[in-house]
Amino acid sequence: MKKTMITCVATAIMATTALEAQTKWSLDSCINYAIEHNLTVAARQLDRLSGDYDITEARDRFLPNLNASASQSFNFGRGLTSENTYADRNTKNFQWGVSLDLPLFQGLSATRQLKQAKINLRSLVLQVESAKDDITLNVISQYLQVLAYSEMLKTSEQQVALSAYQLERQQALADAGKIAEVDVVQARSQLATDRQSVADNQNNLTIALLDLAQLLNLPSPDGFELMPLDSTEPVIRPADEVYRSAMVSNHSILSARNDIEVAEAAVNVARSGYLPRLSFNAGIGSSYYNISGIENPSFSRQMRDNLNKYLGFSLSIPIFDAFSTRNSVRKAKVRGLNAALQLRDRETALYKEIQQAYYRATGARQKYQTGLETEAAAREAFEAMKGKYEMGRSNPTEFEQAKTQYEQAVINRIQSHYEYILRSRILDFYASSNRLTAQ
C-alpha cells in the first residue's frame, strides 16, 4: 500500500515537473511545433500526397484494360422473319463478352507522363520544405520580438520603481516643509507616466505573445513563456557568401528550378501526340436468342454454338488533328518560359532579402555596440545625478532628465540588439539548409 502511494506521488510530481517544463518554450520547440501544426504546411503535404498518386496513376497507364459485358433485351410486336415477311413475334436476346486491350506503344506518352509525374513530385516535396522555411522565419522574427518586449517591460518596471522612490522622497521633503507641493505633484505625474509606459509595454508583449501563439496554432497565449537565447554574439556572414550558399540549398529556389524541368517534361508529353499508337486486342463472347412461336435451341446449345473469339492489333497514326498537338506543345513551351521567369524573380527577390538582412545586421551591430557605450555613459550619469539629487544638489527636473536619458539608452540598446540577432539569424538560415537555427 505504501509503495503504491509512493509511486502515485512520484508520478504526480514527475507529471507536474513535465508540465512546468513545457510552459517554457525554446526557439527550436516553437519552430518544430509551428511546422507540425501549420495549416499551410499541412496543405502542401496533401499536395505532395496527391503527387504520389499521380506517379501511381502514370504507372497504371502501362497496364491493360480488361472489361466484361452482358446484356438482355426483349422485343414485342411485328418484326421481319427469315422468310422476309412480317409476323407478330416476341423475341429475347442475351449476350455476354470479355475484352482485353493491351497498349504496346503509346507514342511514348505513358513513359513521358511517368517521368513528368516524378519530376513534379520533387517540386511538391520542395514546396513543402519551402512552406516550412516561411513559417520558420516568421517564428524566429516573432520569437525575438517577444524577447525584446520582455526586456523593455523590465526596463519600464525599473523606471516605475525609481519614480516611486522619487515620489516617496519628495513627499517626505514636502511634509518637512523643505520643498513646495508642486514638486510632489510633478513626481506623482512622472510615476503615472512611467506606469503608463509599463502598461504599453505589457500590452505590446501580450500582443507579441498572441501573434506567436497564433503562428503555433495554440488555443491561447495564457501561460506561454519563452526561454531566453544564449548570450553568444552572432556572426554576420557576408551577403555574397550567403547568396551562393542559398543558390544550392534554398528550397524555394530549388523548387523554381525543378518547375522548369516539369515544364520541359510537359513539352515532351505534348509532343507524344505526333507519334503513332499500337495496341493488342482480344476478346471472347457468346449470345442466346429466343423467338416465340418456333422451336429454339437450348440455352447451353446456343452458348456453345454462338461462342466467338477474336485477336487483333490496332494501329493509330496521327495525320491531322486540327493542330491540337501543335497547340499543346506551344502552350507547354510558354509554361516553360514562365517557369524560367519565376526562377529569375525568386533569385532576384532572395538576393534583395539577403542584402537587406546583411546591411540591416551590420547597421544594427554598429548601433548596438554604440548603444552599449551610450547606455554605460547614461547609467553613470544617472547614478551621479541620483547621488547629487539625494544630497539636494540637483533639482527633480535634472534627475528626471537623467533617468529618461538612461531609459531611452537601454531601450535603444535592446532594439538594436534584437535587430542585430534577427538579421544575423536570417543570414544563417539562408546560408544553410538546416532549418533549426536556435540555440
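To be clear, the structure that these remarks concern was listed above.
Calculation rules
Residues numbered from 1 in each chain as written. Predicted model: local features only at pLDDT ≥ 70, side-chain atom pairs only at ≥ 80, totals over all residues. Heavy atoms only, no water. Patch = residues over 30% accessible without salt bridge, like charges linked within 9 Å, V, L, I, M, F, W, Y side chains within 5 Å. Areas by Shrake-Rupley, 256 points an atom, 1.4 Å probe, with all protein chains shown as cover. Salt bridge = Lys/Arg side-chain N within 4 Å of Asp/Glu carboxyl O. Helix = DSSP H or I, 4+ residues; strand = E, 2+ residues; numbered from the N terminus. Buried < 20%, exposed > 50% of the residue type's maximum accessible area, 1.4 Å probe, protein only. Axes fitted to C-alpha atoms, helices over the stretch in contact; angles between N-to-C directions. Parallel < 35°, antiparallel > 145°, perpendicular 65-115°, else oblique. Pairing = 2+ DSSP bridges. Contact = heavy atoms within 4.5 Å. Core = buried A, V, L, I, M, F, W, Y, C linked by side-chain atoms within 4.5 Å. Nonpolar A, V, L, I, M, F, W, Y, C, P; charged D, E, K, R; others polar. Expected span 1.5 Å × (residues − 1). Polar contact = N/O pair within 3.5 Å; in protein donor to acceptor, adjacent residues only side chain to side chain.

**Digging into a nonpolar patch on the surface**
Working step 1: Together, Leu104, Phe105, Leu108, Leu278, Phe313, Leu315, Ile317, Ile319, Phe320 and Phe323 give the surface a local cluster of nonpolar side chains, amounting to about 1,100 Å² of exposed area.
Working step 2: Every element with two or more residues in the nonpolar patch is listed here: strand S5 (91-105) and strand S8 (308-316).
Working step 3: With a relative accessible area of 81%, Ile319 lands in the exposed category.

**Notes on the packing of helix H7 (residues 251-271) against helix H9 (residues 324-390)**
Working step 1: Running from N to C, H7 and H9 point in directions that differ by 170°, and their axes come no closer than 8 Å. As the angle between them shows, H7 and H9 are arranged roughly antiparallel.

**Topic: unusual backbone geometry**
Working step 1: At Leu108, a residue that is not glycine, the phi angle is positive and equals roughly 65°.
Working step 2: The exposure class of Leu108 is partly exposed, given its relative accessible area of 36%.
Working step 3: The phi dihedral of Phe323 falls on the positive side, at around 60°, and the residue is not glycine.
Working step 4: Mapped onto the secondary structure, Phe323 falls in the loop between S8 and H9.
Working step 5: Overall, the relative accessible area of 41% leaves Phe323 in the partly exposed class.

**Observations concerning the sheet that holds S8**
Sheets are built from strands paired through backbone hydrogen bonds, the pairs being either parallel or antiparallel.
Working step 1: An order of S2-S5-S7-S8 is seen for the four strands of this open sheet, with the pairing classed as antiparallel. Each of the sheet's edge strands pairs with one partner strand only, and the pair in question is strand S2 (65-75) and S8. On average, each strand axis in the sheet is tilted by 20° relative to the strand beside it, whichever way the strands run.
Working step 2: For strand S7 (residues 277-291) and S8, the ladder comprises nine bridges, and the chain directions are antiparallel. Across the sheet, Ser279 pairs through a bridge with Ser314, a residue of S8.

**Observations regarding the environment of Tyr406**
Working step 1: For Tyr406, the location among the structural elements is in helix H10 (residues 396-431).
Working step 2: Tyr406 gets classed as buried once you look at its relative accessible area, which sits at 13%.
Working step 3: The spatial distance from the C-alpha of Tyr406 to the C-alpha of Met303 is 105 Å, given a sequence separation of 103 residues.
Working step 4: Other than its neighbours up to four places away in sequence, Tyr406 contacts Gln159, Glu375, Ala378, Arg379 and Phe382.

**Notes on the nonpolar core**
Working step 1: Grouped together as the largest cluster of nonpolar side chains are 74 residues, with contacts concentrated most on Val139, Leu216, Phe224, Leu226 and Ile354.
Working step 2: Elements supplying a minimum of two residues to this core: helix H2 (27-37), helix H4 (109-175), helix H5 (181-215), helix H6 (239-249), H7, H9 and H10.
Working step 3: When sequence neighbours within four positions are dropped, the list of residues in contact with Leu216 reads Trp25, Cys30, Tyr33, Ala34, His37, Val139 and Phe224.

**Quick look at the pairing of S7**
Working step 1: In the sheet, S5 pairs with S7 via 14 bridges, with the strands oriented antiparallel. Along S7, the bridge assignment pairs Gly97 with Gly285.

**Some remarks on the environment of Val242**
Working step 1: For Val242, the position within the fold is in helix H6.
Working step 2: Overall, the relative accessible area of 0% leaves Val242 in the buried class.
Working step 3: For the pair Val242 and Leu173, spaced 69 residues apart in sequence, the C-alpha separation works out to 62 Å.
Working step 4: Beyond its immediate sequence surroundings of up to four residues, Val242 is in contact with Arg237, Ile354, Leu427, Tyr430 and Ala431.

**Notes on the packing of helix H3 (residues 39-60) against H4**
Working step 1: Direction vectors running N to C along H3 and H4 enclose 170°, while the axes themselves pass 9 Å from each other. The angle between H3 and H4 places the two elements in the roughly antiparallel class.
Working step 2: The residue makeup of the contact of H3 with H4, split by class, is eleven nonpolar, six polar and eight charged.

**A word on H9**
Working step 1: Under the 1.5 Å per step criterion, the end-to-end length of H9 is 93 Å for 67 residues, consistent within 8% with the ideal 99 Å.
Working step 2: One or two steps after H9, the chain reaches Gly392, where phi turns positive at roughly 80°.

**Here we look at the side chain of Arg413**
Working step 1: Looking at the element boundaries, Arg413 is found in helix H10.
Working step 2: Accessibility expressed as a relative area gives 16% for Arg413, which makes it buried.
Working step 3: For Arg413, the contacting residues outside a window of four places in its chain are Glu151, Tyr368, Gly371, Leu372 and Glu375.

**What about the side chain of Ser279?**
Working step 1: With respect to the element layout, Ser279 can be found in strand S7.
Working step 2: Among the residues examined, Ser279 registers a relative accessible area of 14% and is labelled buried.
Working step 3: Looking at Ser279, its side chain comes within polar contact range of the side chain of Ser314, at 2.6 Å.
Working step 4: Excluding anything up to four places from it in sequence, Ser279 contacts Asp101, Leu102, Pro103, Leu104, Gly312, Phe313 and Ser314.

By themselves, these figures tell us nothing about what the structure is for.
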